[in-house]
Structures are given as structure tokens and as C-alpha cells.
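Next come the chains, spelled out residue by residue.
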Amino acid sequence: MGNDNSKNIRLGIFVLVGTIFLIVAMYFIGAKQSLFSSTIKVSAVFHTVDGLMPGNNVRFAGIDVGTVEKVEIQSDSSVLVTMLIEEGSVNYIYKNAIASIGSDGLMGNKLVNINSAHLKSARIEDGDVLVSIQPIETEGMMRTLGQTNDDVSTIARNLRIITERINNS
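Now for a description of the structure that goes with this document. If you're wondering where the values come from, they're calculated on a predicted model, not measured in any experiment.

Cut-offs used in this document
Residues numbered from 1 in each chain as written. Predicted model: local features only at pLDDT ≥ 70, side-chain atom pairs only at ≥ 80, totals over all residues. Heavy atoms only, no water. Helix = DSSP H or I, 4+ residues; strand = E, 2+ residues; numbered from the N terminus. Buried < 20%, exposed > 50% of the residue type's maximum accessible area, 1.4 Å probe, protein only. Pairing = 2+ DSSP bridges. Axes fitted to C-alpha atoms, helices over the stretch in contact; angles between N-to-C directions.

### Section: unusual backbone geometry
One non-glycine residue, D50, adopts positive backbone phi at about 50 degrees. Position of D50 relative to the elements: it lies in the loop between β1 (39-46) and β2 (57-60). The class for D50 is partly exposed, based on a relative accessible area of 29%. Phi at A61 takes a positive value of approximately 55 degrees, unusual for a residue other than glycine. Counting through the fold element by element, A61 comes out in the loop between β2 and β3 (63-75).

### Focus on the sheet that holds strand β5 (residues 98-103)
Spatially, seven strands are ordered β1-β4-β3-β2-β6-β5-β7 in a closed barrel, and the strand pairing comes out mixed. Strand-to-strand twist of the sheet, defined as the mean angle between neighbouring strand axes without regard to direction, takes the value 40 degrees. Sheet topology note: the β5/strand β7 (residues 129-132) ladder contains two bridges and is parallel. Counted as the bridge partner of I98 is V131 from β7.

Right, dumping it as C-alpha cells:
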């Protein structure tokens, strides 16, 4: 009886350790999506990254071509984003391409969009820094929309008062 209990305990410990190892391995593979493919490092400097995190996607022409490796604050007005671009996509991305922060869907994760420039130049290489553009800030748009809504409300109220005065005279 005691021998069966020790076998069950050892089996349970083995299963637990195996499960923990599998979960940790899946986490690291998921965090480093480009773990088994050859990549190059390209970076871009942004003023704000709006929640962009390592592991988020990098897209070119709407196709996932890499992942964000790291996001580092350089100064009070610049953030360096280092991206891992798959080697197969390098043939289509040029040094004069423009990087921007976007979102995956309306409320989705942040990602880096790389857009090609109209003029051709040399292809990107390991260590290149892409030009970036300032993303549209959702919070600023909401503030402007709120102010516009208040203005329209005031105009509607004034219009109602004027209309009532005209009708009563």
C-alpha cells in the first residue's frame, strides 16, 4: 500500500513538472514568435507608442512580417522601438519606408505598420532606422469630439430659443 502511494506521488510530481515545462516553453515561443526564423533588426523612433509592447506584430502592406522586440524610452520626447523583420520580407521593404503605430481592429492590440514610400531606394538592412510618423491620438480626438458636441448642443439650444421667439411673435 505504501509503495503504491509513493509511486502515485512520484507520478503526480512528474506530470506537474512536465506541465509546468510545457507552459513555460509555450510562453517563450509565443513571446518570441520569430524564434525559429532568420530575422533582421530594424528600429524606429516615435514620440509616443500608445501602449505598444514587445511581442506585438509588425505589418507591411497588411501582412505580418515581424514582431516588436523591445520598446525603450530614449528621452522625454522619443521612444525607440526595435523590430525583428523576417528575412523573407526584406526584399520588399526599402530604407525610405515609413513606420507608424496602428491598432489591430477598432479596439485591438497596437502594432507597427510599415508603409512603402513612392520612390524606390535600397532594401533595409540589419540595424537600419526607419522614418516614423506621429500616430493619431485617440484621446485627443475624443476631447475634440466632446468640445464639438458641446458646441453643437449650444447652437441647437440657441436655435430653439430663436425659433420659439419667431413663432410667438
